[in-house]
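Summary of the model geometry
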Amino acid sequence: MEKQDISKLERQFQEKIDNEIKIEPKDWMPDAYRETLIRQISQHAHSEIVGQLPEGNWVTRAPNLRRKAVLLAKIQDEAGHGLYLYSAVETLGADREETIDDLHSGKAKYSSIFNYPSLTWADMGMIGWLVDGAAIMNQVPLCRCSYGPYARAMVRVCKEESFHQRQGFEIVTKLAQGTPEQKEMAQESLNRWWWPALMMFGPSDKDSKHTAQSMAWKIKRHTNDELRQMFVDVTVPQAELIGLKVPDNDLKFNEETGHYDFGEINWDEFWQVVKGYGPCNKERVEARKKAKEEGMWIREAANAYAEKRANRKKAS
Amino acid sequence: MTKQEALFEYLLRRADDTLILGHRLSEWCGHGPILEEDIALTNLALDLVGQATELYQYAAKVEDKGRDEDDLAFLRLEREYKNVLLVEQTNGDFGKTIVRQFLFDHFQILLYERLMESKDEQIAAIAAKSIKEVKYHLKHSSEWVIRLGDGTEESHNRVQESVTDLSRFIDELFYQDEVDELLIKEGVACDTSEFRSTYDANIKAVLDEATLSLPKEKWQLDGGRKGIHSEHLGYLLAELQYVQRTHPGMEW
């Protein structure tokens, strides 16, 4: 294609973006836009799938029938999110299995939060309340993302995440209002999950290499630090409401800005986990690899059977 | 044995079957061989836990001793669980999980079909609601039995081994004793021997299509209905009951 044709296409593309017209799979788009979306959506899909693991870890130990059913339903939702996010990736011409192989090789990332272990029942509450709560902050603006299939997937995902967040908060509330032992369980869990939850919004704006371009393309609508602040502002009063203490001595409401000031994130820990050295990185990827490897004979059988059936149909 | 005692026992047997199998399936959560199947197995687990909940709720009401559905599900001793041995068997590979499900689903659908006609309105209502779910379960497990049986040589061999292994638990599905006799007379329970031949024919039809077969030897086990289980159940209960046992008497 001629250079001037491309610049014309690029101009038309950016005009659509500027006019809030969604980009659809068959529309022309710059390679970098496509690649950014493939990276982001597949990582989002991987996060949903890997995110099943810390919760699946407690599904057999859920404390009563109702909690067990709700947790199962929630994990099933997460797997479902993974499924249609992989479908959204495929609208960009990527192959689902290839993106999954990238996860297994370590090339593709997923949300670092899932590299932390779920150690007590209270962690099921924290994951819903904080982790899904943070995910909602990130994902609600994605409902207006410039890429149509991703934006539409996010509308449904957000509805379900909002239910997940509430069920998590309900678990935590029940513990916080329970026996001293249960309250202690909730507080201890909050102490472990608070900072990793803040890290879910990614590096601070000054260190974020993708933010500026993603915002120009309207894939992203807010910076990492803006979203993090929104999360803190919403979540701190919730913790106060149920009598739990957010583990940050610098946390203070700032009358002037109308926002909470909060302490510095441990960025060394953040980068360490991103680079693959968190408490559960190895276990999470291994669990996913094992599932795929042990599923090979099943996939092969399904394909062989489908082929046999097609041949029989032809023959008859 | 009074009718009330028999009914309580009968409900526990049904509830324990679904809880224990649902629990086993939930162990797959996040580890399914294919994403679609991860979702499917979790969904099965969810349906079964839901059925168990309704059955335990009714059992608790029938017993009338102040216990609720969670007390029954989480706070009994190993010998007090009355599920059949089939459902507590470990997951093994996906093929074994599917065969276990297949043998169970074919029984459940015939059972629920008849329980829908029970004179006990509550049992009839639970059966009517559950059968809608079981129809899907049955379709799912039967289709996979065929796919794996008639797939590759490896899948055929693997799933044949599971059929051979798990077939020794089939007879127990049809186990009946004084509990059933009393309730059959009352029109509450159904006589499972009446649909044994249908069950055999139904599973044979699927196995034939799958190029699989039941073993010739007649080696059958039972004991579950009297609380004599395999060694697997204790570990399952240790996990299931962990929170309730560690932190007794709390609300969650």
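For the structure given in this document, a descriptive report is provided here. The structure displayed is predicted, hence computed values, not measured ones. (Residues numbered from 1 in each chain as written. Chains lettered and ligands numbered in written order. Predicted model: local features only at pLDDT ≥ 70, side-chain atom pairs only at ≥ 80, totals over all residues. Heavy atoms only, no water.)

Some points on helix H11 (residues 267-277) of chain A
All names here are of chain A. Going by this rule: Think of it in three bands: with a 1.4 Å probe and only protein chains considered, a residue is buried below 20% of the maximum accessible area for its type, exposed above 50%, and partly exposed in between. A run of H or I in DSSP becomes a helix once it reaches four residues, and a run of E becomes a strand once it reaches two; helices and strands are each numbered from the N terminus. The arc in question is the one spanned by the directions pointing from the helix axis to the C-beta atoms. Any two residues whose heavy atoms approach within 4.5 Å are treated as being in contact. Within 3.5 Å is the distance limit for a polar contact, defined as a pair of N or O atoms, with the added protein rule that one can donate a hydrogen and the other accept it, and that residues adjacent in sequence qualify only through two side-chain atoms.
Those residues of H11 not exposed but buried are Trp267, Phe270 and Val273. Buried residues of H11, viewed axially, fall in a sector of 130°; they line one side. Those residues of H11 that are exposed and aimed more than 90 degrees away from the buried face are Asp268, Lys275 and Tyr277. Elements in contact with the buried residues of H11: helix H8 (180-199), helix H10 (224-241) and helix H12 (281-294). The N-terminus of H11 is capped by Asn266, whose side-chain oxygen sits 3.2 Å from the backbone nitrogen of Asp268.

Focus on H10(A)
Residue and element names in this part refer to chain A. Just so we agree on the cut-off: In this analysis, the expected span of each helix is defined as 1.5 Å times one less than the number of residues it contains.
The terminal C-alpha atoms of H10, which comprises 18 residues, lie 26 Å apart, in line with the 26 Å expected from a rise of 1.5 Å per residue. Where H10 is concerned, the buried positions are Asn224, Leu227, Arg228, Gln229, Phe231, Val232, Asp233, Thr235, Val236 and Ala239. Against helix H6 (122-139), H8, helix H9 (211-216), strand E2 (259-261) and H11 lie the buried residues of H10. Just downstream of H10, Gly243 is the residue with a positive phi angle, here 75°.

Digging into the environment of Arg144(A)
All names here are of chain A. Positionally, Arg144 belongs in the loop between H6 and helix H7 (148-176). Once the C-alpha coordinates of Arg144 and Glu20 are considered, the two residues, 124 residues apart in sequence, prove to be 8.7 Å apart. Excluding residues that lie within four positions of it along the chain, Arg144 makes contacts with Lys22, Lys218 and Arg221.

Focus: the interface of chain B and chain A
Convention followed: Note on terms: buried area is the combined drop in 1.4 Å-probe accessible area of two parts once they are placed together, counting the loss on both. Salt bridge, as used here: a side-chain nitrogen of Lys or Arg that lies within 4 Å of a carboxyl oxygen of Asp or Glu. Under the convention adopted here, Pro, Cys and the residues Ala, Val, Leu, Ile, Met, Phe, Trp and Tyr are nonpolar, Asp, Glu, Lys and Arg are charged, and Gly plus all remaining residues are polar.
Contact with chain B, which involves 49 residues of that partner, is made by 46 residues of chain A. Of the roughly 4100 Å² buried at the junction of chain B and chain A (both faces included), carbon and sulfur atoms supply 67%. Ranking the residues of chain B by area buried against chain A places Leu35(B), Leu46(B) and Trp252(B) at the top, with a combined share of 18%. Taken together, the links from chain B to chain A amount to 4 salt bridges. One salt bridge in this structure joins Asp150(B) and Arg312(A), with 2.7 Å as the shortest N-O distance. Counting across the chain B and chain A interface gives 16 residue pairs in polar contact (both at pLDDT 80 or more). Within the residue set of the side of chain B that touches chain A, elements represented by two or more residues are helix H1 (3-26), helix H2 (35-63), helix H3 (69-74), helix H5 (94-115), helix H6 (121-149), helix H7 (153-166), helix H11 (232-240) and helix H12 (242-246) of chain B. In terms of residue count, the dominant contributor to the side of chain B that touches chain A is H2(B) (11 residues). Looking at the side of chain B that touches chain A residue by residue, the class counts come to 21 nonpolar, 15 polar and 13 charged.

By themselves, these are just geometric observations and shouldn't be taken as functional.
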